[in-house]
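Summary of structural features
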Amino acid sequence: MDALNVFIAIALIHCSLFFFDTVFKTCSHFPYIYFLKNTGLEVHLMRVKWFTTVFNRKIIKWGMDRSKFWTAWFNTGVIISIIILPIVMIAILRATFNIWTAGPSADSKNSPVLLEPMLPGVDIPFNELGYYTVTLAICTIVHELGHALAAVREDVQLYGVGMLLAFTIPVAYVNINNEQFESLPLRNRLRITCAGVWHNIILAALAAAILVLSTWFWAPLYNVNSGVYIKSISSNSPLRGQTGLLEYDIIYKINNCPVKNSEDWYQCILNTIHRPAPGYCVKQSFIQEYDESVPPIQKNNVVNCCTLDSETMGSLCFEYIEGPQGAPLHLPPHSCLPARAMINQSQNYCQTSHECSSQDTHCIKPSLDNVTKVCNIWFIINFAKNIPCFNVFTMLLQIVQIKRKMGKDVLFFGHPADIYRTVDVSDWVPKYSFLKPSIPESLVLLCKYITMFSAGLAVINVVPCFLFDGQYIINILVLYISNVIPYNRNIREALTLTITSIGTILLSINIVYLLINKYYYNL
């Protein structure tokens, strides 16, 4: 099921909930209304809201314990938030200036980006939508928990906490006594207002620390940077078979390209596509012993010197690459050789014969057929879906030697992109057969999302913008300054409104520009 179908299904579920909610309320079904009242649920179109007081006692208990610790904790949050506020504003001003000067045609990939909207199906693979939703829930809960704890610490009444699910985006919130909040001294109000930003900064730092230490933490059970682990192979993969790859294999090299992790795996496959196919240094005696060539036939600029029976047995036509010195007269220009036996006994890879060290060793390359219709390889590798062909071009089939730690090397004959498209690998290589890489992979991926999202939530909330914490932070700071340097109330309110409006406009420009660029570059 693709992303569009899933979003349609979610929309239908929301519409069904809203329809039945309207019907039951209209018909005055007492059990249903009683259920909503006791659970704190509210159903709206494309939104489900939940509010509860169950956690109030626990939050109050946490806020009242270790009073000195919490005072220092929230004071630190105020200091950090005030420090990063001008830094973020300068960064957004600079980004906005770059937008106006460089224009929309500038390459946004080469310019630093302060805010990076993460969109499922664009930046985020759709199969990671669960991590996206869970991360948003964790980040907003921690953010609102900071406000709730700070409010309790300042003796502001806590009415309750809740969660809002807007389509697929979860948002936490807290409800406190606003009159008690407004009557607090400015310093106390600032602690409550900055607590959310501070907690998001701490959450991002903790997730980043776990991410950095994850390799050490899982070291007794998993190896990292020692090859890639084959998690699964598609049923239609050309690499399946008795002599092909197996699940749980550990790959450490593709041709002469070492593979330590999934990034190396990706780059090595790209190298086989973009670089010329390698030749093999083979001894002359081997060529003379195993050559089964017939008079070569040339078709479409490709020479074939093997019979159909030889090709069925795994032989291919290889051509001799002339080096600085001419080839010996007794060495034919084309030889039909068993591919696996030839590659297994070859000394090293080459592009010309002079790269082969021994005098009786020569560089030979496979003479392979052209394929006249191949989809854009970059598109296939990045999306790996069954999609129509765009940017059709001619591409040469290749022999790819995949080396694994257990078992014989796998020889793949075809498009290198099919390797990436049909084989799923992991950086985490289990030390024991009963282990799977899914647990450390899930933890690392979740930490990556939490680090990005929590830090981003802190940045957005510290900006003086309507409906965000920055609006209240800047309002309190202006009030605090006005107590030190008295001036007209109207001037103070106008200053607050101006700063907040500027912050809102700058933030909106950057987010809209980035969203347009994402759409443009993903067309």
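Residues numbered from 1 in each chain as written. Predicted model: local features only at pLDDT ≥ 70, side-chain atom pairs only at ≥ 80, totals over all residues. Heavy atoms only, no water.

Moving on, we come to the packing of helix 7 (residues 186-217) against helix 14 (residues 438-462). Orientation of helix 7 relative to helix 14, taken along the N-to-C sense of each, is 155°, at an axis distance of 8 Å. Put simply, helix 7 runs roughly antiparallel to helix 14. As for how helix 7 packs across helix 14, the hand of that crossing is left-handed. Between helix 7 and helix 14, the contacting residues are V197, N200, I201, L203, A204, A207, A208, I210, L211 and S214 on the first element and V444, C447, K448, I450, T451, S454, A455, L457, A458, N461 and V462 on the second. Counted by class, the contact of helix 7 with helix 14 contains 15 nonpolar, five polar and one charged residues. (Axes fitted to C-alpha atoms, helices over the stretch in contact; angles between N-to-C directions. Helix = DSSP H or I, 4+ residues; strand = E, 2+ residues; numbered from the N terminus. Parallel < 35°, antiparallel > 145°, perpendicular 65-115°, else oblique. Left-handed = near helix turned anticlockwise from the far one by under 90°. Contact = heavy atoms within 4.5 Å. Nonpolar A, V, L, I, M, F, W, Y, C, P; charged D, E, K, R; others polar.)

Membership of the largest hydrophobic core comes to 23 residues, with the highest contact counts inside it found for L239, L245, W265, I402, I419 and V423. Counting only elements with at least two residues in this core, the list comes to strand 6 (228-233), strand 7 (250-254), helix 8 (262-274), strand 18 (398-404), strand 19 (410-414), helix 13 (417-422) and strand 20 (423-426). The element that contributes the greatest number of residues to this core is helix 8, accounting for six residues. Not counting the four nearest positions on each side in its chain, L239 is found in contact with G244, L245, I402, V410, F412, I419, T422 and V423. (Core = buried A, V, L, I, M, F, W, Y, C linked by side-chain atoms within 4.5 Å. Buried < 20%, exposed > 50% of the residue type's maximum accessible area, 1.4 Å probe, protein only.)

All right, on to the sheet that holds strand 13 (residues 334-338) then. Reading across from one edge, 13-12-15-9-14 is the order of the five strands in this open sheet, with antiparallel pairing throughout. Only two strands of the sheet have a single neighbouring strand rather than two, namely strand 13 and strand 14 (349-350). Both strand 9 (residues 279-283) and strand 14 contribute to a ladder of two bridges, which runs antiparallel. Residue pairing for strand 14: Y280 is matched across the bridge by Y349. (Pairing = 2+ DSSP bridges.)

As a further point, take helix 5 (residues 129-153). Side chains of residues three or four places apart in an α-helix project in the same direction, reflecting 3.6 residues per turn. Taking 1.5 Å of rise per residue, the 25 residues of helix 5 would be expected to cover 36 Å, and the 36 Å separating its terminal C-alpha atoms lies within 8% of that figure. Directly after helix 5, the chain includes D155, whose backbone phi takes a positive value near 60°. (Expected span 1.5 Å × (residues − 1).)

A few words now on the packing of helix 3 (residues 56-64) against helix 5. Where helix 3 contacts helix 5, the axes come no closer than 8 Å and their chain directions differ by 65°. Helix 3 and helix 5 meet at a crossing whose hand is right-handed. Where helix 3 abuts helix 5, its residues I59, I60, W62, G63 and M64 lie against L145, A148, L149, V152 and R153. Among the residues making up the contact of helix 3 with helix 5, the classes are represented as eight nonpolar, one polar and one charged.

If you check UniProt for "transmembrane region" (unreviewed entry), the listed places come out as residues 6-24, 70-93, 156-176, 197-219, 377-400 and 494-516 in our numbering. The span residues 70-93 carries 100% helix and 0% strand; its end-to-end C-alpha distance comes to 34 Å. (UniProt positions renumbered as here; feature names shortened; annotations may be inferred.)

Under the counting rule described, the total for this entry stands at seven salt bridges. Across the pair E441 and K231 runs a salt bridge, and its minimum N-O distance is 3.0 Å. In this pair, E441 is assigned in helix 14 and K231 in strand 6, connecting sequence segments 210 residues apart. Each of K231, D424 and E441 takes part in a single network of salt bridges with overlapping partners. (Salt bridge = Lys/Arg side-chain N within 4 Å of Asp/Glu carboxyl O.)

Strand pairs in the sheet, formed through backbone hydrogen bonds, run parallel or antiparallel to each other. The strand order across the open sheet built from four strands is 1-2-3-4, with neighbouring strands paired in antiparallel fashion. Two strands bound the open sheet, and with one partner strand each, they are strand 1 (41-44) and strand 4 (169-176). Sheet twist, expressed as the average angle between the axes of neighbouring strands with direction ignored, equals 15°. Two strands pair when backbone bridges link them, and strand 3 (residues 158-166) and strand 4 are joined in this way by eight bridges, in the antiparallel orientation. Following the sheet pairing, L165 is matched in strand 4 by P170. In the packing of helix 3 onto the sheet, contacts are made with strand 2 (47-52) and strand 3, and the angle to strand 3 comes to roughly 115°. Most of the contacts of helix 5 go to strand 4, to which it runs at about 10°, and overall it touches strand 3 and strand 4.

Examined against the element boundaries, R189 turns out to sit in helix 7. Leave out the neighbours within four places in its chain, and R189 touches F181, E182, L184, I476 and L479.

Right, let's get into a nonpolar patch on the surface. A surface patch of nonpolar side chains, about 520 Å² in accessible area, is lined by V212, L213, W216 and F217. Mapped onto the elements, F217 comes out in helix 7. (Patch = residues over 30% accessible without salt bridge, like charges linked within 9 Å, V, L, I, M, F, W, Y side chains within 5 Å. Areas by Shrake-Rupley, 256 points an atom, 1.4 Å probe, with all protein chains shown as cover.)

The topology assignment puts R240 in the loop between strand 6 and strand 7. In this structure R240 comes out as partly exposed when scored by relative accessible area, which is 42%. In sequence terms R240 and V423 are 183 residues apart; their C-alpha atoms lie 9.9 Å from each other. The contacts of R240, once residues within four sequence positions are left out, are I233, S234, S235 and E247. Within the structure, the side chain of R240 is placed 2.9 Å from the backbone oxygen of S234, a separation counted as a polar contact. (Polar contact = N/O pair within 3.5 Å; in protein donor to acceptor, adjacent residues only side chain to side chain.)

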